[in-house]
Amino acid sequence: MRAEIIGVGTELLLGQIANTNAQWISSRLATLGHSVYHHTVVGDNLKRVKDSFALAESRADLVIVTGGLGPTEDDLTLDAAQLVFDEKLVEHEDSMEKIKSYYQRNQKFMSENNRKQARVFESASVFQNLEGMAPGQLVKHEDTLWVFLPGVPREMKYIMDEYIIPYLQNNYHIESQIVSEMMRFIGIGESDLETKLQSLIRSQTNPTIAPLASEGEVGLRLTATGESTEQAKEKILTLKTKILDHVGKYYYGSDAITIEEKVRDLLKEKGLKIGSAESFTGGRFLERLIALPGASAVCQGGYTVYTPEMKERILQVPKFLIKKYGTISHECAEMMALNAQANLDVDVVVSFTGVAGPDASEGHEPGTVFIGLQIGERKPEVHKFHFDGGREQVRVRAVKRAYELIFHRLKK
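Owing to the predicted nature of the structure, the values given are computational and were not obtained by experimental measurement.

## Remarks on the domain arrangement of the chain
- For the chain, the domain assignment lists domain 1 (2–172), domain 2 (177–254) and domain 3 (259–411).
- A straight line from the C-alpha centre of domain 2 to that of domain 3 covers 32 Å.
- Taken together, the contact between domain 2 and domain 3 spans 10 residues of the former and 9 residues of the latter.
- Roughly 830 Å² is buried in total at the junction of domain 2 and domain 3, and carbon and sulfur atoms are behind 54% of that figure.
- Taken as a group, I186, E215 and Y252 account for 67% of the area that domain 2 buries against domain 3, more than any other trio of residues on that side.

Have a look at this one:
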């Protein structure tokens, strides 16, 4: 079916909360073989909600609406739908008893407007909401199937998984299955990746290839259809193998994996311990690693040495070296890595020194970064970068680049 997801709530438009409901519902519908053609967000205005509903009905076979089912005056979802359906709203007895029982159990006064949450369309299939108050409901109008769900994610997910997904599976035969895989690459830009895969991208039919860039890396979303999930997966695997033949050295994993997780896994596989010596990044490299389960198996610890005095006192960077080259230098980054490796007794150390901004420092413009890397007894390496963006972006990009460097060295 052609599906549309509508989120109702001014808070979504103001950016006060993210519309994660649409993302989650889309992924669930994709696994069932239904294509989501539109995501719509509309504020708490009766006419605009009604107009959004009318437009959705003109172009979708399935419309899933989240939000606007609460007790307050700005909860307008059912009122707007009624203008489209021209159908009577009635009070659902079981839902009303549940609401009353809640207030009685908690010894709270139930205001009259709470009855609004028990309203359903006369022809609706109603689904109890064990996670909250307002029930979910399903309505068929003209040639469109409508689903109304609470906006609270846990309530929405409960009703979708318990009732709506089984309903769609039982009532709508899917002639093809959709499977997607997100391949993740680091160390290559989006344009370069597309150039190397030009012949595959031009000839794509099924599966399709969609390049997606994010901070410091690139993704390729492969999507295939088949008569069965297994057939679609086989098509994905065939195309994936061809892609890896072209750009496999940049590939680090698929779907939900992060580069930090990949580095952790490589360290585990090789039985290596890692540490860090950070200046302007303020411990961010180590924090991202320690946030992962299993980090204690590979991570010893690290230093955050922000001032020249701390680099000298804690990491024994010689005073003459700082005086001659400065703390933002190839020499300082190298010495930070070498001494941290010895002090922490680890196999791998990454060091950071630079200027994130907003002002220049030691004659270096904001965004100037030196990343040192020491692995085992190899010759230490230091890489100089200049990252664009504000202070926060420079720090984020430096940390991401360090993980990229470590990944490519450990992968060899």
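## Here's the deal with the sheet that holds strand β15 (residues 348–354)
- Judged by pairing direction, the sheet is mixed, and its 5 strands sit side by side in the order β14-β13-β15-β16-β17 without closing on themselves. Every interior strand has two partners, whereas the edge strands, β14 (299–304) and β17 (381–386), have only one. Averaged over neighbouring strand pairs, the angle between their axes works out to 15 degrees when direction is ignored.
- Judged from the 6 bridges that link them, strand β16 (residues 368–375) and β17 form a sheet pairing that is antiparallel. Residue pairing across strands places V369 opposite F385, the latter belonging to β17.
- Across the sheet, helix α14 (residues 330–344) lies against β13 (274–278), β14, β15, β16 and β17, angled at about 145 degrees from β15, the strand it touches most.

## Focus: the layout of surface pockets
- For the largest pocket, the calculated volume is near 450 Å³.
- If you trace the largest pocket, you find 28 residues lining it, with G67, G68, P150, G151 and V152 closest to the centre.
- Among the elements of the structure, α1 (10–13), α2 (20–32) and α6 (153–171) are those that each provide at least two residues to the lining of the largest pocket.
- Across the lining of the largest pocket, the residue classes tally to 11 nonpolar, 11 polar and 6 charged.

## Overview of the pattern of salt bridges
- Scanning all chains against the criterion turns up 19 salt bridges.
- We note a salt bridge from R2 to D61, for which the minimum N-O separation is 3.2 Å. Here R2, found in strand β1 (residues 2–8), pairs with D61, found in the loop between α3 (46–59) and β3 (62–66); they are 59 residues apart in sequence, far enough to count as distant.

Reading the values: the criteria
Residues numbered from 1 in each chain as written. Predicted model: local features only at pLDDT ≥ 70, side-chain atom pairs only at ≥ 80, totals over all residues. Heavy atoms only, no water. Domains from an automatic or database assignment. Contact = heavy atoms within 4.5 Å. Buried area = accessible area lost by both parts, 1.4 Å probe. Pairing = 2+ DSSP bridges. Helix = DSSP H or I, 4+ residues; strand = E, 2+ residues; numbered from the N terminus. Axes fitted to C-alpha atoms, helices over the stretch in contact; angles between N-to-C directions. 1 Å grid on protein atoms, 1.4 Å probe; cavity = no way out; pocket = protein on both sides within 12 Å on 5 of 7 lines; lining within 4 Å. Points joined across faces, edges and corners; volume = space filled by probe spheres on them. Nonpolar A, V, L, I, M, F, W, Y, C, P; charged D, E, K, R; others polar. Salt bridge = Lys/Arg side-chain N within 4 Å of Asp/Glu carboxyl O.

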